[in-house]
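Results of the structural survey
Chain by chain, the residues run as shown.
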Amino acid sequence: MSQLARRRSRYGLTSRTHNTSEAGRAGPAGGLAAGRAAAQARAMAKLLSCVLGPRLYKIYRDRDSERAPASVPETPTAVTAPHSSSWDTYYQPRALEKHADSILALASVFWSISYYSSPFAFFYLYRKGYLSLSKVVPFSHYAGTLLLLLAGVACLRGIGRWTNPQYRQFITILEATHRNQSSENKRQLAKYNFDFRSWPVDFHWEEPSSRKESRGGPSRRGVALLRPEPLHRGTADTLLNRVKKLPCQITSYLVAHTLGRRMLYPGSVYLLQKALMPVLLQGQARLVEECNGRRAKLLACDGNEIDTMFVDRRGTAEPQGQKLVICCEGNAGFYEVGCISTPLEGTGEPAFGGVPFPQNEANAMDVVVQFAIHRLGFQPQDIIIYAWSIGGFTATWAAMSYPDVSAVILDASFDDLVPLALKVMPDSWRGLVTRTVRQHLNLNNAEQLCRYLGPVLLIRRTKDEIITTTVPEDIMSNRGNDLLLKLLQHRYPRVMAEEGLQVVRQWLEASSQLEEASIYSRWEVEEDWCLSVLRSYQAEHGPDFPWSVGEDMSADGRRQLALFLARKHLHNFEATHCTPLPAQNFQMPWHL
């Protein structure tokens, strides 16, 4: 009995041992297969990411590689940093990616040309009778085949990227940053320059808590703009009048959304951006590598994504390092090569570069100011707004909407867009141009600037060929003159009466510094007396404009005061419109 029991026990033990050995042999094989399947899935996911990923332009030099860890585990929160010692700063694509990218870029250029010429093409095809169904169907087959070929080229480009360790490293960092925007991931992503559309959003327009709690802030429709007054104020707005105006309104809408928009903002045209891409990449590399600039994407209330560059000088010994200069670029201007270099080289202050309808520009400026206040930590009193050319619209809007900003500097800007638009359009289109600008492209810089009470400096280009309404030699046709006159007439209406207005016009007409000084000395302007008069008035009545100073003053006194104020608010720069402003000409505006 005991032996049988022992035998069964032995057989049972043997049986159990046998089953355990089988499971042990099957376990590693199954785990190996599962591991291979997971590896294949990860490889396919990485390949798909390379196919759909953005174009990589450059890998910046790692300025703080000695502080960064040599290797960090590849997790959603941290990935391995690229080594600048082994990789060149310019991204080197493999041959397959390079040639496929060239084909896709060529196709993109052809598509852009076709898009802008489509109205003329459709008109031509209609006249030739090519828009019939029998002709359109074969054309759609050709178009479908071409799209399939381009999709195949895109897949080949993805394979070329997948075989490149530089791109695989980049796409890993990009995906990790989209999953978790930790400071380490952002620091590593900042070492790459790639298609901005794939850059993760750094700041949202609704992010400030005050925006969420307040009902008076911007909505998704956009921030508040000054609306033009009706052209015929005494006319009753009846249904019949609305019907009569409808054809003109439709025509203005079409002109603004096709020709007018692109004439006003040529920098938004893809072909121009493509042509300037090498220069823009060089400029951005200089800001990042030499100035330690930090790029950020801001999401405006209308859904537009704003590309900004921030250069922080607060940790330096420079006296102006605690001030922030927000730079508003001009027509076809880009922050990579634009007016941002003037404050950087002059005072070393932090700078932005930024923004296309006027509403979109104002929305973009609003989120930039919010980013500066709530994310970068600047107070409005420490913000200076500097604009060149058409950037004066966003600068004056910001000054009007954020009246506590420290100062406004406008270089080569104008008072109103209508006179400049009429200059380049036929006289027979005067009514249409005026209506289109007022309703859709209303850049009313002077009206917005008059709502600002702080210091203002205007810089007039004496050889400006863009914002003059006649010829560059006719300095009195420069619309910067009108901007100055409207500002002074709003702030000092008694001083800028008939005598004051006449003498300021004479001073503006001077074509050289010698003539300016001659006019200034002819009226024997006593600057100490002018300062004492203005300071006495400010101490008694406060700083809010308009002032009634000059009401009980003699004609000679008003002339002196008018010349003194004009000279303090406007500086001349002997150059054309697009000449970069030298650093020594970047000065803070005068204030009492």
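The preceding data block contains the structure.
This report concerns the structure included in the present document. Within every chain, residues take consecutive numbers counted from 1 along the sequence as written. Note on the predicted model: pLDDT of at least 70 is required for a residue's local features to be given, and 80 or more for side-chain atom pairs to be given and counted; whole-chain, interface and lining totals, by contrast, use all residues. In computing side-chain properties, one takes all heavy atoms of the structure into account and sets aside hydrogens as well as water.

**Quick notes on the sheet that holds strand β4 (residues 294–299)**
- What the three strands build is an open sheet, ordered β3-β4-β5; its pairing is mixed. Lying at the two open borders of the sheet, with one neighbouring strand each, are β3 (203–204) and β5 (305–310).
- Here a residue-residue contact requires only that any non-hydrogen atoms of the pair lie within 4.5 Å. Axis geometry follows a simple rule: fit a line to the C-alpha atoms, using only the stretch in contact for helices, then measure angles between N-to-C directions, giving values from 0 to 180 degrees. In this text, helices come from DSSP runs of H or I with a minimum length of four residues, and strands from runs of E with a minimum of two, each type numbered from the N-terminal end. Those strands touched by helix α10 (residues 358–374) are β3, β4 and β5, and its axis lies near 125° from that of β4. Strand pairing is defined by DSSP finding a minimum of two bridges between the two strands.

**A closer look at the pairing of β5**
- Among the six residues of β5, five are classified as buried, and the element is accordingly described as predominantly covered.
- One ladder, built from six bridges, connects β4 with β5; its direction is antiparallel. Bridge pairing links R295 to M309 in β5.
- Between β4 and β5, which pair antiparallel one after the other, the connecting turn spans five residues, and G303 there sits at a positive phi close to 90°. Throughout, exposure labels follow a simple rule: accessible area from a 1.4 Å probe, protein chains only, divided by the maximum for the residue type, with under 20% read as buried, over 50% as exposed, and the rest as partly exposed.

**Focus on helix α11 (residues 392–401)**
- With nine of 10 residues buried, α11 lies mostly within the body of the structure.
- Among all positions in α11, only G392, F393, T394, A395, T396, W397, A398, A399 and M400 are buried.

**Notes on the packing of aromatic side chains**
- Stacked, tilted and edge-to-face pairs are distinguished by plane angle, under 30 degrees for stacked and over 60 for edge-to-face with tilted covering the rest, among Phe, Tyr and Trp rings (Trp via its six-membered ring) whose centres lie within 6.5 Å. Counted by the stated rule, this structure contains 14 aromatic pairs.
- Summarising the aromatic geometry, the rings of Y492 and W547 are spaced 5.7 Å apart at their centres and angled 90° between planes, so their arrangement reads as edge-to-face. Highlighted residues: Y492 in the loop between α15 (479–491) and α16 (498–509) and W547 in the loop between α18 (527–541) and α19 (555–569), separated in sequence by 55 residues. Comparing Y492 with W547, the two get one shared label, buried.
- An aromatic cluster of at least three residues, connected via ring pairs, comprises Y91, Y167, F170, Y192, F194 and W199.

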